[in-house]
Amino acid sequence: MAQGDLTQQIQELKKERNAVILAHSYQRPELQDVADFVGDSLALARYAQQANCETIAFCGVRFMAETACILNPTRKVVLPDLEASCSLELSCPASELSAFLEKNSEKNYYVIAYINCSIGVKALSDVIVTSGNARRIVETAPPDRPILFVPDANLGAWVAQKTGRKMELWDGACHVHRQFTRDSILNARTTHPGAPVVCHPECREEIRALSDHVCSTEQMIGFCRESEASTFIIVTESGILHRLRKLVPDKEFIGVGTEGCSCAECEYMKLNTLEKLRDCLRDLSPVVSLPEELRRRAEKPLLRMLELSQ
Ligand code: 13P
Ligand code: SF4
């Protein structure tokens, strides 16, 4: 079916279902274009919490749709593809974190979890952070308790460096961001001399050290808009390039490939398609459903995050 017809069907179903369509900046361009709101994990969580429609169609990965459901449990949250996982989520099973905390109970860890984790891990945490607010929230951690940061060791190391707070780091990583290489950055710098390199904090230390600015996807937009430069080398998942080109049309954005993929795509993010979005609005399935007791426990650290990042 032609893209225009699919988009038309989605718009009609959206009205019928009294739905809102949310999309993360790494989603396929056509999904970003059909969405009512596009943003990073933090902006999407805030938007979902306030949404007063009947249905939230979430174009993103599963932990993002779960977050929407945790924060706004009376809405129906549908996700075009329930298989849309995240390598960070997979690197920290709740059962392993629980066993670790039990084994080290005398340490009384203050657990800070990056939002890229399962509901089970959120439920075991004291506070949640996103890449957009991690520095600010880590600074508020109680000074008399050791911090355990899960699951992203790269983001954790960057925040520890920036805040001066000592943290124990879970050994997790994003399989896309960990694969950016020095050579690909240096080549891009040679081809585009003077262009600032902007990278996501999920990148490894040596990549962050080569970058001019490290920030969340949403903050990239503000940085590129306000900078005097006209060309930027963008080191993150390639979906953000569509958003940058749309929102900052007078500037040029150069994507960088990874060891594994010349287009730096997250296959989990790319599982969602227009067809699947149409189907999930039509069928109201797959729907995200969470056990209420676990939802309540996971809600607490999320609410703390939202309060601390106002
Ligand atoms: P943001 O919080 O910047 O949206 O990043 C989410 C993510 O999955 C990065 O890989
Ligand atoms: Fe997870 Fe990495 Fe994909 Fe982001 S890009 S959703 S961290 S696997």
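The structure we're discussing is the one just above.
Residues numbered from 1 in each chain as written. Chains lettered and ligands numbered in written order. Predicted model: local features only at pLDDT ≥ 70, side-chain atom pairs only at ≥ 80, totals over all residues. Heavy atoms only, no water.

A. Quick look at the overall build of the protein. Broken down by element type, the protein carries 15 helices and 12 strands. Scaling as 2.2 N^0.38, a compact globule of 310 residues should have a C-alpha radius of gyration of about 19 Å, and the protein matches this with 19 Å. A principal-axis box enclosing the C-alpha atoms of the protein has dimensions of 60 × 55 × 35 Å. For the protein, long-range pairs separated by at least 24 residues make up 64% of all intrachain contacts whose partners lie at least 6 apart in sequence. (Helix = DSSP H or I, 4+ residues; strand = E, 2+ residues; numbered from the N terminus. Rg over C-alpha atoms; globule rule 2.2 N^0.38 Å. Contact = heavy atoms within 4.5 Å.)

B. Examining the pattern of salt bridges more closely. Across all of its chains, the model carries 17 salt bridges by this definition. Across the salt bridge formed by Asp212 and Arg189, the nearest N and O atoms sit 3.1 Å from each other. In this pair, Asp212 sits in the loop between helix H11 (205-209) and strand E10 (213-214) while Arg189 sits in helix H10 (residues 182-191), placing the two residues 23 residues apart along the sequence. What makes Arg189 partly exposed here is its relative accessible area of 28%. Glu292 serves as the salt-bridge partner of Arg296, at 3.3 Å between the closest nitrogen and oxygen. Within this pair, Arg296 and its partner Glu292 are both found in helix H15 (residues 292-308), separated by four residues, close to a single helical turn. Among the charged side chains, a salt-bridge network with shared partners connects Arg278, Asp279, Arg282 and Asp283. (Salt bridge = Lys/Arg side-chain N within 4 Å of Asp/Glu carboxyl O. Buried < 20%, exposed > 50% of the residue type's maximum accessible area, 1.4 Å probe, protein only.)

C. The arrangement of unusual backbone geometry in detail. Of note, the bond from Val150 into Pro151 is cis; its omega dihedral lies within 30 degrees of zero at -15°. Following the sequence through the fold, Pro151 ends up in the loop between strand E7 (147-150) and helix H9 (153-163). For the bond running from Ser285 to Pro286, omega is 0°, close enough to zero to count as cis. In this fold, Pro286 is placed in the loop between helix H14 (274-283) and H15. For Asn108, which is not glycine, the phi torsion reads 50° and is therefore positive. For Asn108, the location among the structural elements is in the loop between helix H6 (94-103) and strand E5 (110-114). Asn108 sits in the partly exposed class, given a relative accessible area of 44%. Positive phi, normally seen in glycine, also occurs at Ala264, with a value near 50°. By secondary structure assignment, the location of Ala264 is in the loop between strand E12 (252-255) and H14. You can call Ala264 buried: its relative accessible area is 0%.

D. Spotlight on the site of ligand 1. Every residue lining ligand 1 is accounted for by His24, Tyr26, Asp40, Ser41, Tyr114, Asn116, Ser131, His177, His200, Glu202, Ser216 and Thr217. Residue Ser41 places a side-chain N or O atom 3.0 Å away from an oxygen atom belonging to ligand 1. Separating an oxygen atom of ligand 1 from a side-chain N or O atom of Thr217 is a distance of 3.0 Å. (Near = heavy atom within 4 Å. Polar contact = N/O pair within 3.5 Å; in protein donor to acceptor, adjacent residues only side chain to side chain.)

E. Just the nonpolar core, in detail. Ranked by size, the top nonpolar core spans 82 residues in total, and within it Ile56, Phe58, Ile112, Val150 and Val235 carry the most contacts. Of all the elements, helix H4 (residues 62-71) adds the most residues to this core, at seven residues. Leu31, Val34, Val78 and Leu277 belong to the second-largest nonpolar core, a separate cluster that totals 17 residues. (Core = buried A, V, L, I, M, F, W, Y, C linked by side-chain atoms within 4.5 Å.)

F. Focus on the site of ligand 2. Taken together, Tyr26, Cys86, Ser87, Leu88, Asn116, Cys174, His175, Glu202, Cys266 and Met269 make up the full set of residues adjacent to ligand 2. Residue composition of the shell around ligand 2, grouped by class: six nonpolar, three polar and one charged. (Nonpolar A, V, L, I, M, F, W, Y, C, P; charged D, E, K, R; others polar.)

G. Up close: the packing of H4 against H15. Between H4 and H15, whose axes approach to 9 Å, the crossing angle comes to 95°. By the angle between their axes, H4 is roughly perpendicular relative to H15. Between H4 and H15, the contacting residues are Thr67, Cys69, Ile70 and Leu71 on the first element and Arg295, Ala298, Glu299, Leu302, Leu303 and Leu306 on the second. Split by residue class, the contact of H4 with H15 holds seven nonpolar, one polar and two charged. (Axes fitted to C-alpha atoms, helices over the stretch in contact; angles between N-to-C directions. Parallel < 35°, antiparallel > 145°, perpendicular 65-115°, else oblique.)

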